[in-house]
Amino acid sequence: MIVIATFAPAFSQTLPQSADYVRILPELVLSVFGMIVMLLEPVLDEGKGQKILGLIALAGTLAGIGATWFMAQSPGLAFWNMVQVDGFSVFFHVLVIAIAAVVILTSYEYMAVQRIRAGEYYALILFGVVGMALMSSAVELVLIFIALEISSISSYVLAGFRRHEAASAESSLKYFLLGSFATAFFLYGVALMFGATGSTNIDQIGRMLRAGAIPLLAFVAVAFLFVGLGFKVAAAPFHIWTPDVYEGAPAPVVGFMSTAPKAAAFAVLLRIVFVINVPNTFWLIWISAALSMTLGNVGALVQNNVKRLLAYSSIAHAGYLLVAFAAAPGLGTSAAMFYTAAYAAMNLGAFAVVSHFAGAGERYVTLEDYEGLGRSSPLLAAALTIFLLSLIGIPMTGGFFAKFYVFSAAVKANLIGLTIIGVLNSGVGAYYYLRIIVMMYMRESRKEVPVTPVPFALRLALAACIAATIYLGVFPSRVLRYAQDSARQLVQQSPPEIPSSASVSTVPEIL
Amino acid sequence: MNFHLVLFLAFGAVCVGGAINLLAQRHPINSALSLIAVMAALAGEYLLLGAEFVAAVQVIVYAGAIMVLFVFVIMLLNAGEEEHTNGSRVAILLGVPGMLTGSVLMAWVMLRHSGTESVPIGALPGHPKDIAQLLFHDFLLPFEVTSVLILIAIMGAVVLASQPESAAGKVD
């Protein structure tokens, strides 16, 4: 059964073709812009130069989106079955790069306020996005591992950017230690999968496992891969790091970390769950989804720090997203894709508000600081309200349809228990989101909290997030149809459904 | 019992013993030295499995270059003996049985349910030419992308290790 590698027509086609390069064009463009930022950083002067670097990084993301459009014109495999360009990968490319663009806009003034040197910051964001974009298009576990490392290491460093704060260093170190542990699990899973099937290519693994009886080793391998990715998306029981890391990291970086690497990790998880399609993953995901939703929402109830509160909320949202993974491949994939986009829009927006309001040294991040914000800064308060309503899942916002599609996919797959847990949890979640809104509009401020005028770049970022949130809430059909089409493509390449809970009785629950 | 198997078991024993000693030692230098033993024994295992090239790389890169770095870092930090706290006792009480169960289970799965057949020595492509073909052709993209990984790791070190004062002045 073991087939290591076929060396058949060894040197007939040794050089990559131009189509190969087109299929990784966004990554190339982003890397080039990242290097331009790095090279210009020492040349430009301290004050104005930082702004120029921000603009270059922004131009890089826009060029990246353009390159993605170009890449989408030539779907297919590249670099000898390493990456695959399809609707699915294009969707996540656009999502991740757009997130980076908004984060750069959010950081534009924040960097000066916090006195953070911007050169490495923007370069790290651009390089991190290279990793995340590659994660969404890679179909080879080795490449996924390297891309995952790129995205993780850039997040570890970005978390420690508030150099003079002990909390930021703690955040970075905690994230690094636990993150490398999780990555080791992922790598071990890759090695075991190679042991079980003789391949590290996702399509080939799927084909191999469909051909014969699935060895127990493959289940163990998938469990390990799930541990690694579960850590990256902050799903329970691998979520312990989240509140501490989010509390210490710079607020725009938290917005970035809680959306872009998560979206990329979910993309990898979608490919692994639905293309490799090992049946026993069902219960693994069921338990993790139920735990994440419950622990996230209950944890958020008692938080007084807004960043910690949003950290717990992001654990809960990872749980809602995992519900989609337990559903049928087609519906589940499109629902999960829609959810990542909607979640990115609202969560980035919320953190954009938090990062501006926090002020120098991020001093104002407790719930009491938000009292009376409705009067002192109506614009920030209104924007935050929209994002919080979307996080609750109120109709007319992206969050509503995101939850709606996930839960309807779950109901169609007969996951009544999980759906009930999810809906109950959304009710719990409404409480702590509404509490912030009540604080902003119905309380007088007891503390002197300076509110500086909202700079233009941040207005742009907020406008983009609000537009995306409302657009997904009012006209969801276009994005959803795109997600459905690409989900169908993805599932077609992969095996037909294996009945998920029927054939698992012989396998003990490991992890 | 054939000679190969005896050697294989001997190297395996050195490997496991070195790994246990690595954890048991209190001084980081002793741990680093046991890691060298583990790496060297692993190289022997690779050699016995017919992967000469991997064995050579293991000695040159891991037992050589990386271990030198390890020892340098330990000396630069002037790291002393580790201290044992109550927490570490709990970690040992829970961790040792947990790890034993875990490794027994893994060994059982790998031996009985791996779904693979044993391969005779030499049947695996371990020749430098095969590896070059894999590294610079089939896996060219991951190989190249690794450069981005190394670049951000360097950048991270620069960012996190540079003096905050010299960066941009202190807040407040």
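Each value, and the rule that gives it
- Per chain, the residues get numbers from 1 upward, laid out in the order the sequence is written.
- Working convention: letters from A go to chains and numbers from 1 go to ligands, in the order in which they are written.
- In keeping with the model being predicted, local features are shown solely for residues with a pLDDT of at least 70 and side-chain atom pairs are shown and tallied solely at 80 or more, while totals for entire chains, interfaces and linings include all residues.
- To obtain the side-chain values, all non-hydrogen atoms of the structure were included, while hydrogens and water were left out.
- Secondary structure is summarised from DSSP: a helix means a run of H or I of at least four residues, a strand means a run of E of at least two, and numbering begins at the N terminus for each.
- Both definitions apply: the radius of gyration is a C-alpha atom measure, and the globule rule equals 2.2 Å times residues to the power 0.38.
- When accessible area is computed with a 1.4 Å probe and restricted to protein chains, residues below 20% of their type maximum are described as buried, those above 50% as exposed, and intermediate ones as partly exposed.
- Whether two residues are in contact is decided by their heavy atoms, any of which lying within 4.5 Å being enough.
- Method for areas: the Shrake-Rupley scheme with a 1.4 Å probe, in which residue coverage is limited to the protein chains shown.
- Buried residues of nine kinds, namely Ala, Val, Leu, Ile, Met, Phe, Trp, Tyr and Cys, make up a nonpolar core once their side-chain atoms join them within 4.5 Å.
- In what follows, salt bridge is the name for a side-chain nitrogen of Lys or Arg lying within 4 Å of a carboxyl oxygen of Asp or Glu.
- Expected span of a helix, by definition, is 1.5 Å for each gap between consecutive residues, and there is one gap fewer than residues.
- Bending is quantified residue by residue as the angle between axes fitted to the seven-residue window ending at that residue and the seven-residue window starting at it.
- Residue ranges for the domains trace back to a domain assignment, done automatically or taken from a database.
- pLDDT: the predictor's confidence for each residue, scored from 0 to 100.

A. Layout of the overall build of chain B. When helices and strands are tallied, chain B shows seven helices and zero strands. Taken from the N to the C terminus, the helices and strands of chain B come in the order α-α-α-α-α-α-α. Taken over the C-alpha trace, chain B has a radius of gyration of 21 Å; the compact-globule value for 172 residues is 16 Å, which it surpasses by more than 25%. The buried share among the 172 residues of chain B stands at 22%. Contacts spanning at least 24 positions in sequence make up 64% of the contacts within chain B whose residues lie at least 6 apart. Element-wise, carbon and sulfur atoms account for 73% of the exposed surface of chain B, whose accessible area totals about 11,200 Å².

B. Seen up close, the nonpolar core. Counting residues in each nonpolar core, the largest one holds 199 residues, and the members touching the most others are A:Tyr122, A:Phe256 and A:Phe325. Excluding its chain neighbours within four sequence positions, the residues that come into contact with A:Tyr122 are A:Val37, A:Gln50, A:Leu53, A:Gly54, A:Ala57, A:Ile104, A:Ser107, A:Tyr108 and A:Met111.

C. Highlighting the pattern of salt bridges. Residue and element names in this part refer to chain A. As enumerated under the stated definition, the model contains 14 salt bridges over all chains in all. For Glu371, the salt bridge goes to Arg443, with nearest N and O atoms at 3.7 Å. Within this pair, whereas Glu371 is found in the loop between α15 (329-357) and α16 (373-376), its partner Arg443 is found in the loop between α19 (416-442) and α20 (456-474), the two being separated by 72 residues in sequence. For Glu371, the salt bridge goes to Arg446, with nearest N and O atoms at 2.7 Å. Taken together, the positions of Glu371 in the loop between α15 and α16 and Arg446 in the loop between α19 and α20 put the pair 75 residues apart, joining distant regions of the chain. Look at the salt bridges and you will find they share partners, linking Glu170, Lys174, Asp244, Glu247 and Arg308 into a network.

D. Broad picture of helix α4 (residues 87-114) of chain A. Residues and elements named next belong to chain A. Compared with an ideal rise of 1.5 Å per residue, which puts 28 residues at 40 Å, α4 spans 39 Å between its outermost C-alpha atoms and is within 8% of the ideal. Where α4 bends most, at Ser107, the angle is about 35°. Across the 28 residues that make up α4, a large majority, 23, are buried. Looking one or two residues beyond α4, the residue adopting positive phi is Arg115, at roughly 55°.

E. Layout of the domain arrangement of chain B. Split by domain assignment, chain B resolves into domain 1 (1-80) and domain 2 (127-162). Using C-alpha coordinates to define each centre, domain 1 of chain B is positioned 23 Å away from domain 2 of chain B.

F. Examining the confidence of the model for chain B more closely. Residues and elements named next belong to chain B. When pLDDT is averaged along chain B, the result is 85; 91% of the residues meet or exceed 70. Ranking the elements of chain B by mean pLDDT puts helix α7 (residues 164-168) last, at 50, and helix α6 (residues 140-161) first, at 93. Note on residues 166-172: pLDDT is under 50 here. Beyond four places in sequence and across chains, it has twelve contacts.

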